[in-house]
Structures are given as structure tokens and as C-alpha cells.
Amino acid sequence: MSNYIFELSDKVTRKSVSYTNRFGIKIAADLYLPKDFDESKKHAAVIIGAPYGGVKEQGSGIYAQNLAERGFVALTFDPSYNGYSGGEPRHLSSPDLFVEDFSAAVDYVGTRPFVDRNQIGTLGMCGSGGFAISAAQVDRRIKAVATVSMYDISRAQANGFKDSLTEEDRNAILDALAEQRYAEFEGNPPALTDRGAPIGFDDNTDPIGREFGEFYSTPRGYHPNSITQFTVTSSLSFMNFPVLTYIKSISPRPILFIMGEQAHSRYFSEDAYELAAEPKELYIVPNAGHVDLYDKTDLIPFDKLEAFFTENLK
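Caption draft 1: Representation of the pattern of salt bridges in the model. Scanning the entire structure with this criterion turns up 17 salt bridges. Between Asp 203 and Arg 210 there is a salt bridge whose closest N-O contact spans 3.6 Å. Residue classification places Asp 203 among the exposed positions, given a relative accessible area of 72%. Of the charged contacts in the structure, one is a salt bridge between Glu 214 and Arg 210, with a shortest N-O distance of 2.8 Å. Taken together, the residues span about one helical turn, with Glu 214 and Arg 210 both in helix H6 (residues 207–216) at a distance of four residues. By relative accessible area, which is 26% here, Arg 210 ends up partly exposed.

Caption draft 2: View of the sheet that holds strand E4 (residues 73–77). Spatially, E1-E2-E4-E3-E5-E6-E7-E8 is the arrangement adopted by the eight strands of the open sheet, whose pairing is mixed. Strand pairing shows two members of the sheet lacking a second neighbour, strand E1 (12–20) and strand E8 (280–285), which therefore form its edges. With strand direction ignored, the average angle separating the axes of adjacent strands in the sheet is 20°. Relative to E4, strand E2 (residues 26–34) is paired through four bridges, and the arrangement is antiparallel. Of the residues in E4, the one forming a bridge with Asp 30 is Thr 76. Sitting on the sheet, helix H2 (residues 95–110) touches E1, E2, strand E3 (43–49), E4 and strand E5 (115–125), and the angle it makes with E5 is about 150°. Helix-sheet contacts for helix H3 (residues 127–138) involve E3, E5, strand E6 (144–148) and strand E7 (255–260), and the interaxial angle to E5 is about 145°.

Caption draft 3: Spatial organisation of the pairing of E7. For E7, a buried count of six out of six residues is recorded, marking the element as mostly surrounded by other parts of the structure. Here E7 shows two buried faces, one formed by Ile 255, Phe 257 and Met 259 and the other by Leu 256, Ile 258 and Gly 260. The sheet contact formed by E6 and E7 spans four bridges and is parallel. What sits directly across from Val 145, in E7, is Ile 255. Summarising the sheet, E7 and E8 pair through six bridges and their orientation is parallel. Its bridge partner lying in E8, Ile 258 is registered against Tyr 283. Once you follow E7 into helix H8 (residues 266–275) and on to E8, the crossover reads as right-handed.

Caption draft 4: Looking closely at helix H10 (residues 302–312). For H10, the full list of buried residues reads Phe 302, Leu 305, Phe 308 and Phe 309. One side of H10 holds all its buried residues, which, seen down the axis, span an arc of 125°. The inward-facing, buried residues of H10 abut E3, helix H1 (59–69), E5, E6 and E7.

Caption draft 5: Molecular detail of the pairing of E1. As judged from the nine bridges shared by E1 and E2, these two strands associate in the antiparallel manner. Looking at E2, one finds that Ser 16 is bridged to Asp 30. The hairpin formed by E1 and E2 contains five residues between the paired strands, and Gly 24 there has a positive phi angle of roughly 85°.

Caption draft 6: Layout of unusual backbone geometry. In this model, Glu 88 is joined to Pro 89 through a cis peptide bond whose omega is 0°. One can find Pro 89 in the loop between E4 and H2. For the bond running from Ala 197 to Pro 198, omega is 0°, close enough to zero to count as cis. Tracing the chain through its elements places Pro 198 in the loop between helix H5 (167–185) and H6. Backbone geometry at Asp 163 places phi at a positive 55°, although glycine is not the residue there. Its location among the elements puts Asp 163 in the loop between helix H4 (153–159) and H5. Located in the positive-phi region is Arg 195, a residue other than glycine, with phi close to 35°. Relative to the assigned elements, Arg 195 resides in the loop between H5 and H6.

What counts and what doesn't
Residues numbered from 1 in each chain as written. Predicted model: local features only at pLDDT ≥ 70, side-chain atom pairs only at ≥ 80, totals over all residues. Heavy atoms only, no water. Salt bridge = Lys/Arg side-chain N within 4 Å of Asp/Glu carboxyl O. Buried < 20%, exposed > 50% of the residue type's maximum accessible area, 1.4 Å probe, protein only. Helix = DSSP H or I, 4+ residues; strand = E, 2+ residues; numbered from the N terminus. Pairing = 2+ DSSP bridges. Axes fitted to C-alpha atoms, helices over the stretch in contact; angles between N-to-C directions. Contact = heavy atoms within 4.5 Å. Right-handed = clockwise from strand over helix to strand, strands pointing away. Arc of directions from axis to C-beta.

Right under this line is the structure:
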């Protein structure tokens, strides 16, 4: 289990761990601890979810490492059916499963003798931002939630980017997925979404595609487990099941939304912020795009995250 896109800090230790979620899927995770960690005391913990299509060796590991440097117990994991976690068929995704992965991580860290069960927070990047919020809606063990470059995958799948799908578009997608179900039931391999990493891109690639390509398909962010593809029939679940329906119920636990000033995904964070009840904060990173906040440590507001979790996990 290697191929990390970042160097391990000499201020932390990293341990490969695993545990089983309530669906019986074995989850592969990395536990980061400060180098001078005192296991005889109780500490606050933060669980970090990778971007939709990402794995723990990429951006979420960078966040976990930096939070561990600042004194937190930090855990990041590969989602069910992806990365080094279990589950067949590979590259399936599901709102219920990906939300459950956060609560399973709470199960794990909350049973470590050096973690205070009343001091557990979550941080979700990109699609995991929506899943982290959704988990907190029903899992009151989560005391504070932060999102970075949040995507609401259910909304994106059901309505298209910036809610551009017409009813005719949506029905055509559903009809195609219905036919794909027949094909797979009759023995064909699960079809994956178009073009995974590594993919070629050039000056003519659409700006959003190029932004993701420059991360997932170059040495900057490439990892063989992060092909950025999912089974196409996974879309059915997301199109049917919203993830942020009960966001108001998280209050009075706080939510921090972090987004880049230039992010194409801004509307997801802005709309979720409007839906959420107090306490809540929308923090805008100047001159940053969506993917910039995956790995560019000079732009990522770690001081803000440290202050947020220090204040709210005590």
C-alpha cells in the first residue's frame, strides 16, 4: 500500500488499519498520529473523506497528515468498493454506502482508547463533503463537520451540472441505465463511466475536465487506485436519493464550508450553506479553484481548520 502523492512528515506517524462497516465491507484506512503522541490521554479525532473518485493516498492523506501535525488523531479511508477497501463489483458507488463509511470510521476511532468519543469531527472533500454532512444528519456522535470544495453528488447526478438536465435528458439517461442493468444481469461486465485516469488533455479540453486531469492524470495526483470511474448504474441510487435533506438537523453542531473563490463547484457549497441552520460558516479561499484545495498546501487554510476543530471538539 504505497504510491502516496506526498512525503510523510517527520512530525507524524502513519499506520495502515482496517475495520468492517455495517454492510460487512472491510475498509482500508490510514491512521495519522502526532510523533510525540501520548496514548495514555484522550484526544480529539478528525475523519477525512477523499474526493469522489479519490483515495487515501492523495489529498485526504495530505489533510490527515497536517491535522495530525497540529495535534489531532486523524483517519482517512478508501470508500467501500474502491481503493484497497473491499466490495464487489469494483468501483461501485452509493449514497448510503459512502455515508455509512463515515459512520464506520466513527465506530473505529470512537473505540480507540486514546480518543475522546465526545470529540470526533469529520472533514469531507468534494463529494465526501456531501457524504460527511449526510452522515452527521443521523450520526450525532459527529460533533463538527467541515467540507472542502464540496460536491453534492446526488444533485449533480439527478439534475446535471448547474441543474442543466431537462426531464427529457433525465429520462433518456434512466432508459439507458435500465438497458445496462439487463446487460449486466445477463453476464456482461459492469460498465464504467467514461474515461478514467490517466486521460489525455490539452488546451482544447473543457476547463473543468482539464482541472481534474491535471490532478488525477499527472504525477501531481495520479494513483493507480484512483481511476475516477464508477459503475454507470451507480447513478441510479444517486438520482433517487438526496443526501442533504436533513441538513438543518445538524444544528447546533457547526458546519464549516470551505471553497475556492474561483471554484466551478461554488454553487454546491453556497446552496448547502443557505440550507444549513446556525452555527455555520462559509469560508472562501482567494485565488483558488476547486482542485487547488486537494493538495496545494500553500492555499489550503489549515489554520482555519485547526481553529474550527479545536473550538468545536472540546
